[in-house]
Protein chains: 2
Amino acid sequence: MVESLQRRLPQKVSTAPADLETHGRDEGYPAHHPPIAVVYAEGLEDIQATLAWAREHRIPVVPFGAGTSIEGHVIPQGPALSLDLSRMNRVLEVRPEDFLAVVEPGVTRKTLNEALKGTGLFFPVDPGADASLGGMAATNASGTTTVRYGGMRQNVLALQVVLANGEVLELGRGVRKTSAGYDLKDLFIGSEGTLGIITRLTLKLHPIPEHIHTLRVFFENLTDTAQAAYAVMASGLPVARLELVDEIGIKAINRYLGRNYPEKPVLFLEFHSSTRAALEAESRLALELMQEAGAISIDAAHTQEERTAQWEARHQSYWALVNLFPGKEYLSTDTAVPISKMPDLVTYSNRLLRELGLTGNILGHVGDGNFHTLVVCEPGDPRAEEFSLRLVEHTLALGGTCTGEHGVGLRKKKYLPKEHGPALAWMRQIKQLFDPHNLLNPGKIFD
Amino acid sequence: MVESLQRRLPQKVSTAPADLETHGRDEGYPAHHPPIAVVYAEGLEDIQATLAWAREHRIPVVPFGAGTSIEGHVIPQGPALSLDLSRMNRVLEVRPEDFLAVVEPGVTRKTLNEALKGTGLFFPVDPGADASLGGMAATNASGTTTVRYGGMRQNVLALQVVLANGEVLELGRGVRKTSAGYDLKDLFIGSEGTLGIITRLTLKLHPIPEHIHTLRVFFENLTDTAQAAYAVMASGLPVARLELVDEIGIKAINRYLGRNYPEKPVLFLEFHSSTRAALEAESRLALELMQEAGAISIDAAHTQEERTAQWEARHQSYWALVNLFPGKEYLSTDTAVPISKMPDLVTYSNRLLRELGLTGNILGHVGDGNFHTLVVCEPGDPRAEEFSLRLVEHTLALGGTCTGEHGVGLRKKKYLPKEHGPALAWMRQIKQLFDPHNLLNPGKIFD
């Protein structure tokens, strides 16, 4: 059956086992379902041709960027095409004078920041992985710098999308604000490939901070750590990153990276200051706040190398844990709560791990109230899912959300009825409106 | 016919001529169409009862907040009920520890900031008028501080809405980020009362800056002024307001407020710094940048009184112009363009005013690329609409939007087909999905 598509798109449709294999999994979800073929789209027309074929044969299409999801977003749920966008990797336009760039969806965030060298600007959204920008928009990704610069929704000004029927829409404009009608741009951001295929993004850029100051601050316990984070948020300091790692995480980092950190909960902080004198004043204030909050150890990074070492420790903490427990499976939760509820939820999470006899660590974007518990277990251990379920239930009771940045994918679908109530049925109706034959990434967000 | 509604909602439905009169106009659109009755809703049930009556009699409902729109949003387009939400004016919850507040839609932004006194926090969105927060969400309002804090979309975390069918939805959560399904919250923000009635808002609060520094900087011409604004945006300085007023605006301010400013284009700037030392350093850098950019006169406000006088001048500039030309009509454009296109558009606007023999002035949120041309003319002068049309066409050609913050209402409907292309038809389909009988604010955004 795919031969007709191969004829339509010569050299672009693969059924090679290696291609099917890599397009049937992601970086975190424990399932593997290869597609029937992988289409390597090189432009809008290829995507439209793929969708026309999909409509004709009623075979769904699953968009694929860099494959760095951990929620099963790119894993087909039945016979489906994987629509690989990695060849659409051109930075189409950089306009420093407008603080914006226009890119194809397969450009990764690191590639974009390389292309911005020399402009004095950068694209701030940093989910850790070198994800594709199309995929990051599809899941409304965010990361360590979101506390200052916002996530994808705040940094994507406009999108070009192709609908299931092949129509091309331009959503939003390359301006910093607009009130012209319904906000379809933000409807498509976070829609996880279920409403349309993102084919072009107009992104907001920011001036590279000239003066950066970072701190690594250890505390006796998690409650002190969370309260220190609150003090920073309330201070008005130009905090650009505010990350928490618990003691198990630190233990893993020490082993994996050969560090010698105190095995206590820690805050990693970064401030972006406008001038050298402002930096010094802000650095002093930050130190005072941390001391008042009961810090037991404070290290300031003074050089780029020290900063890199600090953030390497934070960025590598997932792999550090994986390394600490080889051969195991990992489940990452992604709950976000109102900020004051963080200590409660972190405590609950630790107690629940113990209660279920599970090992795991906590790390997260504490300035946003968003943290991850990485649960380590044997493949298929039902306690991991039980942990996730109970943690999410407690999160929702605290007014939180089941996913702050990873998206719903396959794993979090079951939490949405409780999180959204009657609004979920309206989301389904919007899905039905844009994709009546359920051809776009079916089985994600909704069943 | 309204008697049956009056029986259902005793003391809450008025047909008094004075009520009908005030609910048939707004603060800027040159039309007056009184509703058949005004419902003063005091809670969710009143709104549901009103909508049930509206469905039964196929009489539309026009939500009404503070009536400060200038685009005709609250003006009925045929026999309709005006649904006045000003009695739903309770601040339901202030949670400083979570940086959030929960309010009813009739609370105005000034009332909320009064209620926040003593918390160290404030709600930053400031459109000038003391608008209701429900109305501000409905139009995705923004204002002078948006360059730093964002507009309504960035500062509304969650909404409760009632749909045309009476169903109550909770959209979004009181958290700083979520990736859990479709973003219906942002679909309703900016929907101008056409998709549902906003009945509760969860708002993001910010720490009140302890150290504020303002500048008033005059330039020889508009091009220099716009370039200076760009230099500030690129500097990484913590700019919190960045406003431009042209020489006609300054002339009007001088006359209206008895000031003695140079009659030249001016930037009003405000910086929010974290410490006294940071403020001093940032203030020095700002001064240097302004001098390099060719400033001909710089005044720094050192006290709260001086700051208030400065911002009064900016905030009163609309009324200053009205005062300069008594008995005239005013049309305010609201175009926003990519930042580098500002000088082009400002120049175009000035030339077009001269070409059409019109008087007007320019003021705007130059950090966001958004500015208003206030056109003064005799009532009914067709040149005002011609001016608006041509300015918007040029704006769209530059990649801009017809409305940065005022919304579409009645006046800007005609520009949407060009701005959105095929996406507009999908907006209509979403309208049809949520409001199949076109009972919610019909004739706004779409015909």
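Residues numbered from 1 in each chain as written. Chains lettered and ligands numbered in written order. Predicted model: local features only at pLDDT ≥ 70, side-chain atom pairs only at ≥ 80, totals over all residues. Heavy atoms only, no water.

An unreviewed UniProt entry lists chain A under the name D-lactate dehydrogenase (cytochrome), with Meiothermus ruber as the source organism. Of the comments in the UniProt record for chain A, the one headed Cofactor (unreviewed entry) reads "FAD". For the record of chain A, the UniProt heading Sequence similarities (unreviewed entry) holds the text "Belongs to the FAD-binding oxidoreductase/transferase type 4 family." (UniProt positions renumbered as here; feature names shortened; annotations may be inferred.)

J.: How should I be thinking about the overall build of chain A in this particular structure?
T.: Regarding its fold elements, chain A presents 17 helices and 18 strands. For chain A, the C-alpha atoms occupy an extent of roughly 65 × 55 × 45 Å along the three principal directions. Across the 447 residues in chain A, those meeting the buried criterion constitute 63%. For chain A, restricting intrachain contacts to residue pairs at least 6 apart in sequence, the fraction spanning at least 24 positions comes to 72%. Surface accessibility of chain A: about 15300 Å² in total, with carbon and sulfur atoms responsible for 50%. (Helix = DSSP H or I, 4+ residues; strand = E, 2+ residues; numbered from the N terminus. Buried < 20%, exposed > 50% of the residue type's maximum accessible area, 1.4 Å probe, protein only. Contact = heavy atoms within 4.5 Å. Areas by Shrake-Rupley, 256 points an atom, 1.4 Å probe, with all protein chains shown as cover.)

J.: For this particular structure, what's the right way to read the interface of chain A and chain B?
T.: Put simply, an interface is often sized by how much accessible area is lost when its parts join up. In this assembly, 86 residues from chain A lie in contact with 86 residues from chain B. On the chain A side of the interface with chain B, the three residues burying the most area are Lys177(A), Tyr182(A) and Trp426(A), jointly 15% of the side's total. The interface formed by chain A and chain B holds 8 salt bridges in total. For Asp368(B), the salt bridge is made with Lys177(A), and the minimal N-O distance between the two is 3.6 Å. Linking chain A to chain B there are 40 residue pairs in polar contact (both at pLDDT 80 or more). Sorting the residues of the side of chain A that touches chain B by element identifies helix 7 (152-155), strand 9 (168-172), helix 8 (184-188), helix 9 (222-235), helix 11 (276-292), helix 16 (416-420) and helix 17 (423-434) of chain A as the ones contributing at least two each. Looking at the side of chain A that touches chain B element by element, the count peaks at 8 residues for helix 17 of chain A. (Buried area = accessible area lost by both parts, 1.4 Å probe. Salt bridge = Lys/Arg side-chain N within 4 Å of Asp/Glu carboxyl O. Polar contact = N/O pair within 3.5 Å; in protein donor to acceptor, adjacent residues only side chain to side chain.)

J.: When you look at the packing of helix 10 (residues 247-257) of chain A against helix 13 (residues 317-324) of chain A in this model, what are you seeing that I'm missing?
T.: Residue and element names in this part refer to chain A. Two elements in contact, helix 10 and helix 13, have axes whose closest approach is 8 Å; the angle formed by their N-to-C orientations is 80 degrees. In this view, helix 10 runs roughly perpendicular relative to helix 13, as classed from their interaxial angle. Between helix 10 and helix 13, the contacting residues are Ile248, Ala252, Ile253, Arg255 and Tyr256 on the first element and Ser317, Trp319, Ala320, Leu321, Asn323 and Leu324 on the second. Per-class residue counts for the contact of helix 10 with helix 13 are 8 nonpolar, 2 polar and 1 charged. (Axes fitted to C-alpha atoms, helices over the stretch in contact; angles between N-to-C directions. Parallel < 35°, antiparallel > 145°, perpendicular 65-115°, else oblique. Nonpolar A, V, L, I, M, F, W, Y, C, P; charged D, E, K, R; others polar.)

J.: Where do I start with the sheet that holds strand 12 (residues 211-218) of chain A in this structure?
T.: Adjacent strands of a sheet pair through backbone hydrogen bonds, lying either parallel or antiparallel. Residues and elements named next belong to chain A. Spatially, 7 strands are ordered 15-12-14-13-17-18-16 in an open sheet, and the strand pairing comes out antiparallel. Both outer strands of the open sheet, strand 15 (297-301) and strand 16 (329-332), are each paired with one neighbouring strand and no more. With strand direction ignored, the average angle separating the axes of adjacent strands in the sheet is 15 degrees. Across the sheet, helix 10 is in contact with strand 12, strand 13 (239-245), strand 14 (266-273) and strand 17 (359-365); its angle to strand 13 comes to roughly 90 degrees. Its contacts with the sheet put helix 11 on strand 12, strand 14 and strand 15, and the angle it makes with strand 12 is roughly 10 degrees. (Pairing = 2+ DSSP bridges.)

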